[in-house]
Amino acid sequence: MSAVKVMSIIGMIFFPICLLLIAGFAESDVEAAAGWGVFASIYGIGYAITTFVKVKNVSA
């Protein structure tokens, strides 16, 4: 399977879980909510870089 396809499937599971945890921790533990936001952001940056590299290689 392509790296982008695998990362997309993982993202479809990981991001909703992160959003639920962020919403759950927003009232009681703001630092935990921020931490889950950082996890989601780091994964999103990695996914964006991987997709950019794959698309650049396909169009070249």
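Residues numbered from 1 in each chain as written. Predicted model: local features only at pLDDT ≥ 70, side-chain atom pairs only at ≥ 80, totals over all residues. Heavy atoms only, no water.

Participant: Help me get a handle on the packing of aromatic side chains, residues and values and all.
Facilitator: Applying the stated criterion across every chain yields a total of four aromatic pairs. Taken together, a centroid distance of 5.9 Å and an interplanar angle of 75° make the contact between phenylalanine 15 and tyrosine 43 edge-to-face. One end of the pair, phenylalanine 15, is in helix H1 (residues 3–25); the other, tyrosine 43, is in helix H2 (residues 30–59), with 28 residues separating them in the sequence. Judged by relative accessible area, which is 29%, phenylalanine 15 ranks as partly exposed. In this structure tyrosine 43 comes out as buried when scored by relative accessible area, which is 19%. Ring geometry for tryptophan 36 versus phenylalanine 39: centroids 5.3 Å apart, planes at 80°, classification edge-to-face. A residue pair is termed a helical-turn pair when its members lie 3 or 4 positions apart in one helix, as tryptophan 36 and phenylalanine 39 do in helix H2 at three residues. With relative accessibility at 24%, the residue tryptophan 36 sits in the partly exposed group. Since its relative accessible area comes to 46%, phenylalanine 39 is described here as partly exposed. Members of the aromatic cluster, joined through ring pairs, are Phe14, Phe15 and Tyr43. (Phe/Tyr/Trp six-rings, centres within 6.5 Å; stacked < 30°, edge-to-face > 60°. Helix = DSSP H or I, 4+ residues; strand = E, 2+ residues; numbered from the N terminus. Buried < 20%, exposed > 50% of the residue type's maximum accessible area, 1.4 Å probe, protein only.)

Participant: Provide a residue-level description of the environment of isoleucine 22, including the pertinent values.
Facilitator: By the element assignment, isoleucine 22 lies in helix H1. Using a relative accessible area of 26% as the deciding quantity, one classes isoleucine 22 as partly exposed. Along the primary structure isoleucine 22 and valine 38 are separated by 16 residues, whereas in three dimensions their C-alpha atoms are 10 Å apart. Here isoleucine 22 is in contact with Ala33, Trp36 and Gly37, once residues within four sequence places are set aside. (Contact = heavy atoms within 4.5 Å.)

Participant: Explain H1 to me, and be specific about the residues and the numbers.
Facilitator: Under the 1.5 Å per step criterion, the end-to-end length of H1 is 31 Å for 23 residues, consistent within 8% with the ideal 33 Å. At glycine 11, H1 shows its strongest bend, of approximately 30°. For H1, the set of buried residues is Val4, Met7, Gly11 and Cys18. The opening residue of H1, the one whose side-chain oxygen lies 3.3 Å from the backbone nitrogen of valine 4, is serine 2. (Expected span 1.5 Å × (residues − 1). Bend = angle between axes of the 7 residues up to and from the residue. Polar contact = N/O pair within 3.5 Å; in protein donor to acceptor, adjacent residues only side chain to side chain.)

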